[in-house]
Amino acid sequence: MKKLLLIVIAIMLGVGFVSSDTYAAPITSGSYRHEQNKIARGEVKQIKKLFELHSAFANKHDIAGLKGLYDDNYINSDGFDKKSYFKTVEETWEECKDLIYATHILSITLNGNYADVSVEERALGTTFDKVDSLAVAGEIHAVSTSIYHLVRKNGKWLISGETMQSDKSYLLYGDARFMNIDLSAPNQVAAGETYTITVSADADEDTVIIGSIEHDPVTYPSVTPNAPLRTMPSSNVLERFIKANNDNINEYAVASLAISKSQTDKFDNFRVYMAGLACIMQRVNVVPKNNFIKYEDEKK
């Protein structure tokens, strides 16, 4: 049926139709293809250089240099334009002054003056905070995958957008740095859909963990989620059903844990002390409802 349809279309257009099992000569010469491949290799080389500069500026926290790699019309999949995006970058660097990045390019797709670059990025750093008037150091670990969208203007490649596919980050203080703590949530849900967030930790019998689970829509400025605290059961697993927002905004599944330990000294004195804190975030992409999908009545 499909082949017959193609024949009819070909006749209507007044062109000859050649069966797929006959030989078709190449429509371009070998020299032309060679030249196109040479041009493509040159563009790929420029794009790789762009990301080398991106990593260098990011690791030096050079905000001016980094901005120069972005198109003025930049917009990402969270709806952040260039101004709002770089405000979040500056605030992140202010909180974590030694944050470093490692970027691995997974693939590059060229399409004329546009390109898509799929990457995996990792970040590592430390931050300082106060708990009960005591200064404590925390570690930040993050890994994400995304697609950078590029545009070529005046022979120069610029970053014009970004689609974040996955993102998970850990902020760990004290003993939490040495525990296996993980958070599980779907990477994608429909707007208004109910989904499950699960957080687990490997803790011994002398450890008590209280925690909360919440979701945080990606907005600027961000709003700190405020969920009720619950004591982890003996399984050391907490779960919560969450209803995704209906505002067509991507969100983060967020788990916050406070880790306490009990100890008996040589004089049989029993005490409980705060041993660590943890905050884990995982990106959840929210797909807006499409009101323009309609199904015809099958009976018709």
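Heads up: the structure comes first, above all this text.
Residues numbered from 1 in each chain as written. Predicted model: local features only at pLDDT ≥ 70, side-chain atom pairs only at ≥ 80, totals over all residues. Heavy atoms only, no water.

A. Structural view of the overall build of the protein. Scanning the protein from N- to C-terminus turns up four helices and 13 strands. Per-residue burial for the protein yields a buried fraction of 34% across its 300 residues. In the protein, 62% of the contacts between residues at least 6 apart in sequence involve partners at least 24 apart. For the protein, the exposed surface amounts to about 19200 Å²; the carbon and sulfur share of it is 54%. (Helix = DSSP H or I, 4+ residues; strand = E, 2+ residues; numbered from the N terminus. Buried < 20%, exposed > 50% of the residue type's maximum accessible area, 1.4 Å probe, protein only. Contact = heavy atoms within 4.5 Å. Areas by Shrake-Rupley, 256 points an atom, 1.4 Å probe, with all protein chains shown as cover.)

B. Quick look at the pattern of salt bridges. Tallied over the entire structure, the rule returns nine salt bridges. E94 is the partner of K97 in a salt bridge, and the nearest nitrogen-oxygen pair spans 3.1 Å. K97 sits in the exposed class, given a relative accessible area of 58%. The exposed category is assigned to E94, whose relative accessible area is 52%. (Salt bridge = Lys/Arg side-chain N within 4 Å of Asp/Glu carboxyl O.)

C. The packing of aromatic side chains, seen in detail. One pass over the structure, following the stated rule, counts six aromatic pairs. Their ring planes at 85° and their centres at 5.0 Å tell us that Y70 and F86 sit as a pair that is edge-to-face. Of this pair, Y70 sits in strand β1 (residues 70–76) while F86 sits in helix α4 (residues 82–95), and the two are 16 residues apart along the sequence. On the accessibility criterion, Y70 (3% relative accessible area) is buried. Both rings, one in Y85 and one in F86, keep their centres 5.2 Å apart while their planes meet at 80°; by these two values the pair is edge-to-face. Assigned by exposure class, Y85 and F86 land together as buried. What links up through ring pairs into an aromatic cluster is the set Y70, Y74, Y85 and F86. (Phe/Tyr/Trp six-rings, centres within 6.5 Å; stacked < 30°, edge-to-face > 60°.)

D. Representation of unusual backbone geometry within the structure. Following Y220, the chain continues to P221 via a peptide bond in cis, the omega torsion being -5°. Among the structural elements, P221 can be located in the loop between β9 (207–217) and β10 (230–231). At H61, a position not held by glycine, the phi torsion is positive, near 55°. Tracing the backbone shows H61 in the loop between α2 (30–59) and α3 (63–67).

E. Up close: the sheet that holds strand β6 (residues 181–184). Spatially, the three strands line up as an open sheet ordered β6-β8-β11, and their pairing is antiparallel. Single-partner strands in this sheet number two, and they are β6 and β11 (237–243). Strand-to-strand twist in this sheet, taken as the mean axis angle between neighbours without regard to direction, amounts to 15°. Bridge count for strand β8 (residues 194–201) against β11 is seven bridges, and the pairing is antiparallel. Within β11, the residue paired with T198 across the bridge is E239. (Pairing = 2+ DSSP bridges. Axes fitted to C-alpha atoms, helices over the stretch in contact; angles between N-to-C directions.)

F. Spotlight on a negative patch on the surface. Taken together, the side chains of E90, E91, E95 and D129 define an acidic patch exposed on the protein surface. With three residues, the single largest contributor to the negative patch is α4. Relative to the assigned elements, D129 resides in strand β3 (residues 114–131). (Patch = residues over 30% accessible without salt bridge, like charges linked within 9 Å, V, L, I, M, F, W, Y side chains within 5 Å. Lys, Arg positive; Asp, Glu negative; His and termini not counted. Charge placed at Lys NZ, Arg CZ, Asp CG, Glu CD.)

G. Spotlight on α4. Compared with the 20 Å implied by 1.5 Å per residue over 14 residues, the 20 Å span of α4 between its first and last C-alpha is a close match. Those residues of α4 lying buried are K82, S84, Y85, F86, V89 and W93. (Expected span 1.5 Å × (residues − 1).)

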